[in-house]
Amino acid sequence: MYGIREELAAELEGIRAAGLWKAERELIGPQGASVGTAGGDALNFCANNYLGLADHPEIIAAAQSAMDEFGYGMASVRFICGTQTQHTALEREIAEFLGMDAAILYSSCFDANGGLFEVLLGPEDAVISDELNHASIIDGVRLCKAVRYRYRNRDMADLEAQLVTARGAGARRVLVVTDGVFSMDGSFTPLDAICSLAERFGALVMVDDSHATGFVGPRGRGTPEQFGVVDRVDIVSGTLGKALGGASGGFIAARSEIVELLRQRSRPYLFSNAVAPAVVAGSRVALRLAAEADEGRARLRENAALFRSLMESAGFDILPGEHPIHAVMFPGEDGARLAKAMSEEMLRHGVYVIAFSFPVVPRGRARIRVQLSAAHSADDVRACVDAFVAAREAVAGAEA
Ligand SMILES: *Cc1c(COP(=O)(O)O)cnc(C)c1O
């Protein structure tokens, strides 16, 4: 390999030396409120399993019987021979659930975001993106030829300034794109303010609601519902890989012309395999369960409120907000090491959480991210807080 192996080995060593190595922990068995690990069972507070549907028996049964009825794989993209009755049914159901005209399925939300912008925007257009948007939006925007503008996270004055600039530069179409929820902070974007600004400047609004679909908003319709702007948002992208059963697949729901154009032109849709029959069948049930999950959403809210109040009483520093994602902060120079030591100690207490540090979050802003689920009991939440307290003592003791 002409020395390339040595170069790659050095690069890998660099990643390790910088403390950025991501090791994968193998789970023994299914995803759930509690998971099996080599070190024993652990309460899981790091999954996107917000409604606890990842191991739901009805979803599993639907996926199993779909294999008998619809087979294992499609061996085709959608427009050749990869569209079953249930693919179009799921698309209709997603659109209906979100209150949008139509929806189109992708293999993942990453693909959905990757295949959107280039279809809608050319060199004469502009895209204005929140600086903290998900990697798939950043990559999707890179693939289109529109002029790119960025605004500071959730900063409406800066968004307005970028809109003024884009319009001043004579852009034909302008698209504002944002995550509905920023997953490292658990913060909501002010979607109502974004819609108002976009309307003033004749811009389209797109929201990636991956961390919201199914559980944010009174009926789980996501951030557009939460902010009362369902009919003012033009495009919603989302995933089937988080609250909606957690398997895989993504979608775009939008005005019908947009969805029709994506079916004709969107490259990840045209050139990648159809979503597997079992996943489609499971996702349809997951969507129905999510639509009916008033109780689950209430439990999720209660768990989140309980966690926040117990953690604040115990003196931990949590970013403000009402989302089930909680960023427990370990600021300063030593924060990254501290957060990591805490998370490792917590696993010894049977609680699985993950520490994040630079470059995933800004330098000096290390944190442990805790994600609540409707599958957690109040006792699970208390056990998590107890593990935080015990780990803090153990880590402080080890350093004394
Ligand atoms: C998880 C996530 C994605 C990726 O979804 P997949 O379906 O797993 O590809 C995209 N955007 C946001 C905001 C996400 O949180």
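Analysis parameters
- Residues numbered from 1 in each chain as written.
- Predicted model: local features only at pLDDT ≥ 70, side-chain atom pairs only at ≥ 80, totals over all residues.
- Heavy atoms only, no water.
- Helix = DSSP H or I, 4+ residues; strand = E, 2+ residues; numbered from the N terminus.
- Near = heavy atom within 4 Å.
- Polar contact = N/O pair within 3.5 Å; in protein donor to acceptor, adjacent residues only side chain to side chain.
- Areas by Shrake-Rupley, 256 points an atom, 1.4 Å probe, with all protein chains shown as cover.
- Pairing = 2+ DSSP bridges.
- Core = buried A, V, L, I, M, F, W, Y, C linked by side-chain atoms within 4.5 Å.
- Buried < 20%, exposed > 50% of the residue type's maximum accessible area, 1.4 Å probe, protein only.
- Contact = heavy atoms within 4.5 Å.
- Axes fitted to C-alpha atoms, helices over the stretch in contact; angles between N-to-C directions.

### Looking at the environment of histidine 326
Consideration 1: Within the secondary structure layout, histidine 326 lies in strand E12 (residues 325-331).
Consideration 2: As a C-alpha pair, histidine 326 and phenylalanine 307 span 19 residues in sequence and 8.9 Å in three-dimensional space.

### Describing the site of the ligand
Consideration 1: As a structural note, the neighbourhood of the ligand is formed by 13 residues, with Cys109, Phe110, Asp208, Thr239 and Lys242 the closest of them.
Consideration 2: In the environment of the ligand, a nitrogen atom lies 3.3 Å from a nitrogen or oxygen atom belonging to the side chain of histidine 134.
Consideration 3: Burial of the ligand by the protein amounts to 82% of the accessible area it has alone, namely 390 Å².
Consideration 4: Counting residues per element, the shell around the ligand draws most heavily on helix H5 (residues 109-114), at three residues.

### Here we look at the pairing of strand E2 (residues 40-44)
Working note: regular strand, side chains alternate between the two faces of the sheet.
Consideration 1: As paired strands, strand E1 (residues 34-37) and E2 are joined by four bridges and run antiparallel to one another. If you follow glycine 36 over to E2, its bridge partner there is aspartate 41.
Consideration 2: Taken together, E1 and the strand that follows it, E2, pair antiparallel across an intervening segment of two residues.
Consideration 3: By the bridge criterion, two bridges tie E2 to strand E13 (residues 351-352) in an arrangement that is parallel. Across the sheet, residue asparagine 44 finds its bridge partner in E13, namely tyrosine 352.

### Digging into the nonpolar core
Consideration 1: Among the nonpolar cores identified, the biggest contains 82 residues, and Phe307, Val328, Ile368, Val370 and Phe388 are the most heavily contacted of them.
Consideration 2: In this structure phenylalanine 307 touches Ile318, His326, Val328, Val370, Leu372, Val381, Cys384, Val385 and Phe388, once residues within four positions along its chain are discounted.
Consideration 3: The next biggest cluster of nonpolar side chains, apart from the first, holds 24 residues, and it includes Val119, Ala254, Ile258 and Tyr269.

### Focus: the sheet that holds strand E4 (residues 126-130)
Consideration 1: Reading across from one edge, E3-E11-E10-E9-E6-E4-E5 is the order of the seven strands in this open sheet, with mixed pairing throughout. Edge strands, defined here as strands with exactly one partner in the open sheet, are strand E3 (102-106) and strand E5 (147-151). On average, adjacent strands in this sheet sit at an angle of 20° to one another, irrespective of strand direction.
Consideration 2: Each of E3, strand E10 (235-239) and strand E11 (250-254) touches helix H4 (residues 85-98); the most contacted strand, E3, lies at about 125° to it.

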